[in-house]
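Residue-level structure breakdown
What follows is the residue order along each chain.
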Amino acid sequence: MERLLSDKWDVKAKHSSSEALQRWRDLCGVVKNPKRRFRFTAKLSKRDEAAAMRKTYQEKLRIVVLVSKAAMHFITGMQLGDYTVPKEVQAAGFQICADELGSIVEGHDVKKLKLHDGVSGIAEKLAVNASDGLSTDAEALNRRQEIYGINKFQESKAQSFWVFVWEALQDMTLMILAVCALVSLVVGIATEGWPKGAHDGLGIVASILLVVFVTATSDYRQSLQFRDLDREKKKISIQVTRNGCRQKISIYELLPGDIVHLAIGDQVPADGLFLSGFSVLIDESSLTGESEPVVVNAENPFLLSGTKVQDGACKMLVTTVGMRTQWGKLMATLSEGGDDETPLQVKLNGVATIIGKIGLFFAVVTFAVLFQKMVSRKWLMGTTFSWSGDDALELLEYFAIAVTIVVVAVPEGLPLAVTLSLAFAMKKMMNDKALVRHLAACETMGSATSICSDKTGTLTTNHMTVVKSCICMNVKELSTPDDAYDLRSELPESLVKILLQSIFNNTGGEVVVNKDGKREILGTPTETAILEFGLSLGGDFHMERRASKVVKVEPFNSTKKRMGIVLELAKGGLRAHTKGASEIILAACDKVINSNGEVVPIDEASCKHLKETIEQFANEALRTLCLAYTELENGFSAEDAIPATGYTCIGIVGIKDPVRPGVRESVALCRSAGVTVRMVTGDNINTAKAIARECGILTDDGIAIEGPVFREKSLEELLELIPKIQVMARSSPLDKHTLVKHLRTTFNEVVAVTGDGTNDAPALHEADIGLAMGIAGTEVAKESADVIIMDDNFSTIVTVAKWGRSVYVNIQKFVQFQLTVNIVALVVNFSSACLTGSAPLTAVQLLWVNMIMDTLGALALATEPPTEELMKKSPVGRKGNFISCVMWRNILGQSLYQFLVIWFLQAYGKTFFRLHGCSNSDLILNTIIFNTFVFCQLFNEVNSREMEKVNVLKGILSNYVFVSVLGSTVLFQIIIIEYLGTFANTTPLTLMQWLVCVFIGFLGMPIAVVLKHIPLKCERASSATFLYMSRFLMMSQRKKDMEVSQRKKDMEVPILASIIN
């Protein structure tokens, strides 16, 4: 089967091309119901429409920028004479309408902005104070919303249940059967009268309606689950100032006039204008396609919704929201594009197509054989050219059987079972604090062989406190508030002032009063810990901020591992402060404050003391930061770079971030599941090693390496080194990206990567599964991720892996069950038609069997919860066969048993049950065959719960869905046999006949036990051997490619030199 599918049915789990997605659609030759089959696949036409819209806007924006630059020359002397404020806007208390605001920002119209008195004039016309923000008065906010709209883009309406019923009716085979039923009704009533002649036709109609309503109910429930998940994905909060207080609100509550605080990694939530800030770089590629970041400042104040803050921080005045923005229009189109289909969905569409073609062939042959038998019989009877109503009904029944074989043979439920299982898993994972953004991530996570995890906030609690300091060359414990008070009393007052100035100014955090009137510290956990330390020393955040003027800010950069600020002091003079990784800042210092509070040059002894202090703090698993300053005696311009050297070391602080409870156990669980966990962090290597040992990540045979050392290694060294790396410290985003790329391409690993910062986006994008942190993660990181870990906990990542494996195994179980039914139903009907001239299973009965194996089977098997045993197996990896040898053994074994049973009953059933004297012996025997067949499927459904283990009943009662499906199937089977015989072509059975049917079905269970003990040659090679072999081959090929590339470069150098000469 895997060979038949070929590469044409392969798509990537991420970033598949439109051509690849279209290719498999074109290959789907036998599709009963396209509306249902392709419901949960990407709408490629809508994506093309969005791409065209983005391209048009890109061109439009480029022209607008050129025009606005040209208009700058003609602004002087112009007046605001052409604009009239609409009466309803004036009546609401505003002086500018939504359309005018939209034209200013979206059109980058500098001329109009100037005519409206700039950003301050716009704020005034929007009736907002730029310092205090909007009032929280509900009536005022509602009035503003009526004039300017809400910050939501238009979404397609939820489909009602009846839409799903209508779509279920679009099944081609069901429509053909409906026509057959209508003809049967007309002919039957004409020949046999009412109601006897209507029984067959009404039976088919009732079966069709039952199939349609059960299918529609299942699909409708799935759509509700996906809608709930979509709603969760869109829950994004943003910091605003309202009533003079900083607070978090949903982006959907934003209104024009809101003052929004943006920082690195945030997505701009609406169109707006720059109020204040430093070093702001905006990535507009998502909207315009331009990769070059745009500098936003007072001269170019336009901020567009959907763009990302690449660097810096600022305050923004919201001007335009929702569908009035270009991003809103684009998102309304993109939201209709849907998610990419997953590799399993595509692969199972391929399986359904192949089996469907086989089924269609068998259906045609079956009808041909039955028709030939009928014509032969009439030839022998001499009535070849004499056709009665009964003959027409018989021929119609044969045609209905052929069509129903197609219904049963085409496993339309296979790809839909993937969607059902994924929807179920995603809903459950949401309860376990994991939000899946892309469907494919669920199934890919089950194949993960490597997890590259951050340290801070993922393996640790992210609740940081300063517990040690080294100031004036003295190390002091800071475990209680009194310790901080004692420290201040020991330090010279001049040093305390510089220390507090550094803490409260050179920070990305802020101390604010929240809406409850309480003091709150905003910022990253590291910044929060430093600010808390400053407050415990008796500092006043706002007083320190007012005491000096900010000249330039360089926010923290994960590549440089530092941040800096230049201040203009109240008494004159300029001072630069820097803060960051201890060894990097210490290397930039040439002076230090000694134990007497004096600034002295750093000598060998003091340098050694500080380095030993850093190492001591790091060995205690503390994150270390160094604070330093320098006086800028030669002046400084805002265009200049903040100095990189010549600093005076103020001190070193050690920050405690405890390891999360349960992490060590989760890492051990990953190891037992064949998943390698690596820590990739920007921290000091000693800190990283201490935490890694505490988590159980770093073992005796593992390697801890620093990013700068890693990136200097040659390819040959990396090939040997990477499998042993367990910790990478002082890593840059590029180091993380390089490690992930090598693991995926060179070593053929399936890699999951965690990230929270803007610079983690490339690694999250490169990884097979990108895992962003929900609490500490930036919006840029979340958008690049496939799964958002809502509680930032490593244990949740392990839960995601467990659910991923569960999805994969559940779908395998369902495929095994459905293929067994397919094979038996096909072979039984075809062989019976060829040998006896009739089919033992009627159209109505086959429709019931189809529902058992399709909708109900998917519900029962595709929604099994994960078990602990799943994490004791090796991962499937990148190249595992989905339909394994174990599955084929079980499928063929059960199919053979069921076929032999049905054949025996057909050949010797009348003798076995002593039916020769009965007037309706054929009907009784066919009822027994149908009943036996159904119970064989029910017990095989139970067998399919475990593909390799003997105990299939373990945990069955805890799965209420499985028990409900099984119970309702048995109940309906009893009703069909005992009470609906007229419509279903059955007759009531005796108790003994019922017991024999159930017993024959039950015999499938001990046969399954026997089958599971049959050794398989293809299973002897372990997955680990396969993994290592594939790694070796990939490494060898990679090495050869690099050698060829190097030889080409060696040849190009002399040629290039000769050309230059």
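It should be emphasised that the depicted structure is a prediction, and the values quoted were computed from it without experimental measurement. (Residues numbered from 1 in each chain as written. Predicted model: local features only at pLDDT ≥ 70, side-chain atom pairs only at ≥ 80, totals over all residues. Heavy atoms only, no water.)

A closer look at the confidence of the model for the chain
The following threshold applies: A residue's pLDDT is simply how confident the predictor is in it, with values from 0 to 100. The contact definition used throughout considers only heavy atoms, calling two residues in contact when any of these lie within 4.5 Å.
For the chain, per-residue confidence averages 82 on the pLDDT scale, and 86% of positions sit at 70 or higher. Scored below 50 in pLDDT, residues 1019-1061 makes 25 contacts in the model with residues more than four places away or belonging to other chains.

Some remarks on the packing of aromatic side chains
Rules: Aromatic pairs are defined between Phe, Tyr and Trp rings, using the six-membered ring for Trp, whenever the two ring centres lie within 6.5 Å; interplanar angles under 30 degrees are classed as stacked, those over 60 as edge-to-face, and all others as tilted. Numbering of helices and strands runs from the N terminus; a helix is a DSSP stretch of H or I covering at least four residues, while a strand is a stretch of E covering at least two. Partly exposed describes any residue whose relative accessible area lies between the buried limit of under 20% and the exposed limit of over 50%, with all areas from a 1.4 Å probe on protein chains only and scaled to the type maximum.
Enumeration over the complete set of coordinates arrives at 17 aromatic pairs. Ring centres of Phe161 and Phe213 lie 6.3 Å apart, and the angle between their planes is 35°; this geometry places the pair in the tilted category. A residue pair is termed long-range when its members are at least 10 positions apart, and Phe161 in helix α10 (residues 161-168) and Phe213 in helix α12 (residues 199-233) qualify at 52 residues. Since its relative accessible area comes to 34%, Phe213 is described here as partly exposed. Linked through ring pairs, Phe161, Trp162, Phe164, Phe213 and Tyr220 together constitute an aromatic cluster.

Topic: the packing of helix α34 (residues 885-912) against helix α35 (residues 921-943)
Defined as follows: Angles shown run from 0 to 180 degrees and are taken between the N-to-C directions of axes, each axis being a line fitted to C-alpha atoms and, for helices, limited to the stretch in contact. The labels follow the angle: roughly parallel below 35 degrees, roughly antiparallel above 145, roughly perpendicular from 65 to 115, and oblique for the rest. By definition, any crossing whose near helix is turned counterclockwise from its far helix by less than a right angle is left-handed, and any crossing with a clockwise turn is right-handed. Residue type decides the class: Asp, Glu, Lys and Arg count as charged, Ala, Val, Leu, Ile, Met, Phe, Trp, Tyr, Cys and Pro as nonpolar, and the leftover types, Gly among them, as polar.
At a closest axis distance of 10 Å, the pairing of α34 and α35 adopts a crossing angle of 165°. Judged on the interaxial angle alone, α35 and α34 are roughly antiparallel. Judged by the twist between their axes, the crossing of α34 over α35 is right-handed. Contact with α34, carried on its side by Gln894, Tyr897, Gln898, Val901, Ile902, Leu905, Gln906, Gly909 and Lys910, involves Ser921, Asp922, Leu925, Ile928, Ile929, Thr932, Phe933, Cys936, Gln937, Asn940 and Asn943 of α35 and no other residues of that element. Considering only residue class, the contact of α34 with α35 consists of nine nonpolar, nine polar and two charged.

Some words on the side chain of Asn890
Topologically, Asn890 is positioned in helix α34. The class of Asn890 is buried, set by a relative accessible area of 5%. Setting aside chain neighbours within four positions, we find Asn890 in contact with Gln816, Met947, Leu1011 and Lys1012.

Here's the deal with unusual backbone geometry
With a phi close to 60°, Lys561 is a non-glycine residue in the positive phi region. Inspection of the secondary structure assignment puts Lys561 in the loop between β14 (548-557) and β15 (562-569). In this structure Lys561 comes out as buried when scored by relative accessible area, which is 9%.

Examining the state of the cysteines
Worth spelling out the cut-off: A pair of cysteine sulfur atoms is labelled a disulfide when the two atoms are within 2.5 Å.
Applying the stated rule across the entire model yields zero disulfides. Here Cys470 is not cross-linked by a disulfide; its sulfur's nearest cysteine counterpart is in Cys649, at 7.4 Å.

Quick notes on the UniProt feature "transmembrane region" (unreviewed entry) in the chain
Put simply, the rule is: UniProt positions are given in the numbering used here, feature names are shortened, and annotations may be inferred rather than shown by experiment.
Feature annotation in UniProt places "transmembrane region" (unreviewed entry) on residues 172-190, 202-220, 354-375, 395-425, 882-903, 923-940, 960-980 and 992-1011, given in this structure's numbering. Structurally, residues 882-903 is divided into 86% helix and 0% strand, and its ends, taken at the C-alpha atoms, are 31 Å apart. Along residues 923-940 the backbone is 100% helical and 0% strand, and the end-to-end C-alpha distance reaches 26 Å.

So, the environment of Asn619
Mapped onto the fold, Asn619 is located in helix α24 (residues 604-619). Asn619 gets classed as partly exposed once you look at its relative accessible area, which sits at 46%. For the pair Asn619 and Ile685, spaced 66 residues apart in sequence, the C-alpha separation works out to 9.1 Å. Contacts of Asn619, omitting those with residues within four sequence positions, involve Asn686 and Ala690.

With respect to the pairing of strand β1 (residues 237-242)
Note on strand geometry: in a regular strand, side chains alternate between the two faces of the sheet. So the rule is basically this: Only when DSSP finds a minimum of two bridges between them are two strands counted as paired.
Of all the six residues making up β1, five are buried; the element is thus mostly covered by neighbouring parts of the structure. With six bridges connecting them, β1 and strand β2 (residues 245-250) associate as antiparallel partners. Looking across to β2, one finds that Ile238 is bridged to Ile249. Both β1 and strand β3 (residues 259-262) contribute to a ladder of three bridges, which runs antiparallel. The residue of β3 that forms the bridge with Val240 is Val260.

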